[in-house]
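Given next are the chains, with one letter for each unit.
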Amino acid sequence: MEPLRLFPQPVTPQASSTASRSGKSYLIWTIGCQMNEAESAKVEAMLSQVGYARTEVEEEADVIVLNSCVVRQAAEDKVAGKIGSLMRTKRNNPDVRIALTGCMVTGQEKSLRQRFPHIDLFFEPSEFDRLVEIVPELAGADGDLAELPHYYQPLSSDYRVTAHVPIIYGCNFVCSYCIVPYRRGREVSRPFDEIVAEVTKLGSSGVKEVTLLGQTVNAYGHDLPDGRDLADLLTAVNSVPGIERVRFLTSHPKYFSDKLIHAIADLPALCEHVNLPVQAGDNEVLRKMRRTYTHEHYRDRIEMIRNTIPNVTLATDIIVGFPGESDEQFENTLRLLEDIEFDKVHVAMYSPRPGTLSARWEDEIPHSVKHARHQAVERIQERVSLQKHQARVGQREEILVDGFAKGRWRGRTRGNALVFFDATGDWLGQTVNVEITEASTWYLLAEPVAIMATAF
Ligand code: SAH
Ligand code: SF4
C-alpha cells in the first residue's frame, strides 16, 4: 500500500508565484446556491490560470466579479446593496473592471446597464468566454480555458477537499413561485463523458468529495440521446480514482426513482444523504405551487429511501406563507415535519418574484403570519435536529476533514452532519474515524479514534 499522502498537490509555495506572474488581482463575491459557487470557482480557475491573484480587499483589486442571486427579494436586495457600494470604489479607482453575473443578469442586460453604469460587463451564467472583455490576458491563455474543471487547483494556496460539479443546467418545471426557470432556461444536461472527465481531473488533483449539481439534478439525462440517467452517472463517478465521496443536489420528488435509491444504497462512494425539497405538506398548496406531486407520493419516496438505504439522513426545503395558505394547510406541513423527522430543514418565507405566476395572486399572507410560521417550523426542527444529534453521542462516525476554523478541525459525516474536533498536526483532506462526544442543534464535537489510511 502506498504511504498515506497528506497533500496530493504541492500547496503554499507556488501560491506566491501566482501573484508575481502578472501582479494583478481579482476579488470575487458570491451569493446564492451551490451552482453559483461552482460557477464562481470556474471564474477563479480562469483568472488564476492567467496569473491573477485573489484578494479580499476591494481597493486592491484590478477585477471585481459579483455573482448574483434573485431567488428571493432579500438576496436581490443584498446584490443591489453590493453593487451600490462599489460606486465609490469605481470613483476612487476608475481602472478597476467590474463584472456582474448570475441570475440577476439573464435577459436584463439593457435595464441593468442603465441602472448601474459603473459596471463594465454583464454576462449570463456560464458565459465565461465574455470575461475576456475585461481580462484581455484570457485571449492569449494557453490551452482551452473552457475545459478547465471547476475548482482547478494547481496554483491555489487553499487545498480543496470538496468540489461542486454542475451536471445539468436549467429547469423544466414551472413551480408557480419560482424565478429559476426564467433565469436559467430549460434543462440542458452536460455530456456524460465530459462530467466523468472533469471528476477524474478533480480526483487526480486531490479532491476527495464531489457534489453533482443541478436545479433538478435527478432530471439528468432526460434530454440526452443515449438514455443514461443520474443513476448511471453516479455509477461511473463512484469508481473515479481518488474520489471517496459523492453527493448530489437538488432532487425533485417526481423523479426520485427506485433505480436512483438503489444506486445510492449500492455504490460505496455515494453518501447516505438525500436532499429532497418538499416545499409544503398540504396537497392543495402543492397543487397551487405546481409541484406535480402529492404529500402521499412524497411520503412514499421517503419510506422507500429509508427502507433501502441504512442510516440515511434527510434534508428538505419548506416555503411558509405561500399565497392563500390557511392555518390548517400550514398545520399539514408541520405534521409532515413531525412525521418524517428530517435531519435538516431549510425554511424560507414566501417571497413574490416578478414574472412568476403566484406573484400575480392577491391572497398574499401578512408578513407577521409568515414570520410566525417560519418560527414554528424552526422550533420543531431545532428539537428534532438536537434529538438526532444527541442520539449520536458515543457513536463512531467517519468524517472527511475539509477545513480548519476557529482553532478546530472541521469535517462532515457521510450523512452530512457538521463535526469539529481538536487535534495537533495536519488533518486536511483525511478521512478520520471519530467518536462523537457532544451534540448541539447545529453541529457535533468529536475526538479522532484512528486515521483511516486511504490509498489512492
Ligand atoms: N429546484 C429546487 C430548488 C430551487 S430554489 C426544488 O425544486 O426544490 C431553492 C429554494 O429556494 C427552494 O427549495 C425554495 O424553498 C426556495 N424558494 C424558491 N423560490 C422562492 C420564493 N419565491 N419564495 C421563497 N422561497 C423560495
Ligand atoms: Fe424552481 Fe420548481 Fe424548478 Fe425547483 S423545480 S428550480 S422550485 S421551478
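Residues numbered from 1 in each chain as written. Chains lettered and ligands numbered in written order. Predicted model: local features only at pLDDT ≥ 70, side-chain atom pairs only at ≥ 80, totals over all residues. Heavy atoms only, no water.

(A) Examining the overall build of the protein chain more closely. When helices and strands are tallied, the protein chain shows twelve helices and 18 strands. Here the C-alpha atoms of the protein chain give a radius of gyration of 23 Å, agreeing with the 23 Å that 2.2 N^0.38 yields for 456 residues. Reported as C-alpha extents along the three principal axes, the dimensions of the protein chain are approximately 60 × 60 × 45 Å. Looking at the protein chain as a whole, 52% of its 456 residues qualify as buried. Of all intrachain contacts in the protein chain linking residues separated by at least 6 positions in sequence, the fraction that spans at least 24 positions is 73%. In the form shown here, the protein chain has an accessible surface area of approximately 20,300 Å², with 50% of it arising from carbon and sulfur atoms. (Helix = DSSP H or I, 4+ residues; strand = E, 2+ residues; numbered from the N terminus. Rg over C-alpha atoms; globule rule 2.2 N^0.38 Å. Buried < 20%, exposed > 50% of the residue type's maximum accessible area, 1.4 Å probe, protein only. Contact = heavy atoms within 4.5 Å. Areas by Shrake-Rupley, 256 points an atom, 1.4 Å probe, with all protein chains shown as cover.)

(B) Summary view of helix H7 (residues 230-238). Looking at H7, one finds that the buried residues are Leu230, Ala231, Leu233, Leu234, Val237 and Asn238. The buried side chains of H7 occupy one side of the element, clustering within an arc of 160° when seen end-on. Contact partners of the buried residues in H7: helix H6 (192-204), strand E9 (209-213), strand E10 (245-249) and helix H8 (258-266). (Arc of directions from axis to C-beta.)

(C) Layout of the site of ligand 1. Around ligand 1 there are 15 residues in total, and Gln215, Gln279, Arg291, Asp317 and Ser351 lie nearest to it. Alone, ligand 1 offers 530 Å² of accessible surface; in the complex the protein occludes 89% of this. Among the secondary structure elements, those contributing two or more residues to the shell around ligand 1 are strand E12 (313-320) and strand E13 (344-349). (Near = heavy atom within 4 Å.)

(D) Region of interest: the sheet that holds strand E1 (residues 25-30). On the basis of which strands lie adjacent, the open sheet formed by five strands has the order E2-E1-E3-E4-E5 and parallel pairing. Among the strands making up the open sheet, the edge pair consists of strand E2 (53-54) and strand E5 (121-122). Bridge analysis of E1 against E2 gives two bridges, and the strand direction is parallel. When the sheet's bridge partners are listed, serine 25 is paired in E2 with alanine 53. The strands touched by helix H2 (residues 34-49) are E1, E2 and strand E3 (63-68); relative to E1, the strand with the most contacts, the crossing angle is about 175°. (Pairing = 2+ DSSP bridges. Axes fitted to C-alpha atoms, helices over the stretch in contact; angles between N-to-C directions.)

(E) Inspection of the nonpolar core at higher detail. The biggest cluster of nonpolar side chains holds 71 residues, and the ones touching the most others in it are Ile167, Val210, Phe248 and Ile305. Leu66, Val79, Val105 and Ile119 belong to the second largest nonpolar core, which has 22 residues in total. (Core = buried A, V, L, I, M, F, W, Y, C linked by side-chain atoms within 4.5 Å.)

(F) Structural context of the confidence of the model for the protein chain. Of the residues in the protein chain, 91% reach a pLDDT of 70 or more, and the chain-wide mean stands at 91. Between residues 1-20, whose pLDDT stays under 50, and residues either more than four places distant or in other chains, the model counts 35 contacts. Confidence drops under a pLDDT of 50 for residues 452-456, and excluding neighbours within four residues, the segment shows 14 contacts in the predicted structure. (pLDDT = per-residue confidence, 0-100.)

(G) The pattern of salt bridges, seen in detail. Tallying each qualifying case throughout the model produces 32 salt bridges. Across the salt bridge formed by glutamate 397 and arginine 392, the nearest N and O atoms sit 3.4 Å from each other. Judged by relative accessible area, glutamate 397 falls into the buried class, the value being 16%. Through salt bridges with shared partners, a single network forms among Glu109, Arg113, Glu127, Arg130 and Glu133. (Salt bridge = Lys/Arg side-chain N within 4 Å of Asp/Glu carboxyl O.)

(H) Highlighting the domain arrangement of the protein chain. Under the domain assignment used here, the protein chain contains domain 1 (5-138), domain 2 (162-390) and domain 3 (396-451). Domain 1 and domain 3 are separated by 32 Å when their C-alpha centres are compared. (Domains from an automatic or database assignment.)

(I) Spatial organisation of the site of ligand 2. Around ligand 2, the neighbouring residues are Cys171, Phe173, Cys175, Tyr177, Cys178, Val180, Pro181, Gln215, His252 and Arg291. Here the residues of the shell around ligand 2 are counted per class, giving seven nonpolar, two polar and one charged. (Nonpolar A, V, L, I, M, F, W, Y, C, P; charged D, E, K, R; others polar.)

(J) Examining the environment of glutamine 114 more closely. Checked against the element boundaries, glutamine 114 lands in helix H4 (residues 109-115). Residue classification places glutamine 114 among the exposed positions, given a relative accessible area of 64%.

(K) Representation of the sheet that holds E10 in the model. Spatial ordering of the open sheet is given by E6-E9-E10, a layout of three strands whose pairing is parallel. Where the open sheet ends on each side, the last strands, each with one partner, are strand E6 (162-166) and E10. Neighbour to neighbour, the strand axes of the sheet diverge by 25° on average, direction disregarded.

(L) Summary view of the side chain of arginine 190. With respect to the helices and strands, arginine 190 occurs in the loop between strand E8 (188-189) and H6. The residues touching arginine 190, leaving out its near neighbours within four places in the chain, are His150, Val165, Pro166, Ile167, Tyr169, Ile195, Glu198, Tyr220 and Leu224.

(M) Representation of the pairing of strand E4 (residues 97-102) in the model. The buried fraction of E4 amounts to five of the six residues, a majority that puts the element mostly inside the structure. The sheet contact formed by E3 and E4 spans six bridges and is parallel. Pairing of leucine 66 across the sheet is with leucine 100, part of E4. For the segment spanning E3, helix H3 (residues 73-92) and E4, crossover handedness is right-handed. Relative to E5, E4 runs parallel, the two sharing two bridges. When the sheet's bridge partners are listed, leucine 100 is paired in E5 with phenylalanine 122. (Right-handed = clockwise from strand over helix to strand, strands pointing away.)

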